[in-house]
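Observations on the three-dimensional arrangement
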Amino acid sequence: MSKITERVEILAKPIVEEEGCELWSVEYVKEAGTWYLRIFIDKEGGVDILDCERISRRMDPILDEEDPIPDSYVFEVGSAGAERELKRSSDFEKFMGSEVEVKLYQPYQGRKSVVGKLEAYVDGDVTVSGILLKKSQVAQVKLHVSI
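Residues numbered from 1 in each chain as written. Predicted model: local features only at pLDDT ≥ 70, side-chain atom pairs only at ≥ 80, totals over all residues. Heavy atoms only, no water.

**Focus: the nonpolar core**
Counting 20 residues, the largest nonpolar core has L37, I39, I41 and M59 as its most contacted members. Where this core is concerned, the elements lending two or more residues are α1 (3-18), β1 (22-31), β2 (34-42), α2 (49-66) and β3 (74-79). No other element matches α1, which puts 5 residues into this core. If you look at the next biggest cluster of nonpolar residues, it comprises 17 residues, including F92, V114, L118 and V128. (Core = buried A, V, L, I, M, F, W, Y, C linked by side-chain atoms within 4.5 Å. Buried < 20%, exposed > 50% of the residue type's maximum accessible area, 1.4 Å probe, protein only. Helix = DSSP H or I, 4+ residues; strand = E, 2+ residues; numbered from the N terminus.)

**Here's the deal with the pattern of salt bridges**
Counted by the stated rule, this structure contains 16 salt bridges. With a closest N to O distance of 2.7 Å, E66 and R7 form a salt bridge. With E66 in helix α2 and R7 in helix α1, the pair connects residues that are 59 residues apart, well separated along the chain. The class for E66 is partly exposed, based on a relative accessible area of 36%. What makes R7 partly exposed here is its relative accessible area of 34%. Measuring nitrogen to oxygen at the nearest pair gives 2.7 Å for the salt bridge that ties R54 to E19. Here R54 is found in helix α2, whereas its partner E19 is found in the loop between α1 and β1, with 35 residues between them in sequence. Here R54 falls in the partly exposed class, since its relative accessible area comes to 34%. Taken together, the shared-partner salt bridges in this structure form one network comprising E18, E19, K43, D51, R54 and R58. (Salt bridge = Lys/Arg side-chain N within 4 Å of Asp/Glu carboxyl O.)

Below, the structure is given as structure tokens:
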């Protein structure tokens, strides 16, 4: 995690929790020449636009005062989403038994992704529906919603 995202996470966490939500992640990325600072939140029963608005309004003056980013950027607060990425060990623990999609660096049995039930996560190795995928094979793991 970059120093910017770490700093913003420290600033945002108490506010997000005071608003009855959980801080899922913070990202600072450049897209089409513009920098974006995004705070992703979650809560039991789901996040709505009012949650995002309250947290955004509370964070704006703090970001202005603390000034963790010297350049201009767009600030957004949003839901972690139904198909959120799992990154931390705690994410994997929370969603053990859920359906996930594992994107791979190289094809496995002719596929660049594997969809199935998350059965284990050990030191970056992921087991999905009986298939052990080594950390070196895994590009991304996210929740998968079947339609």
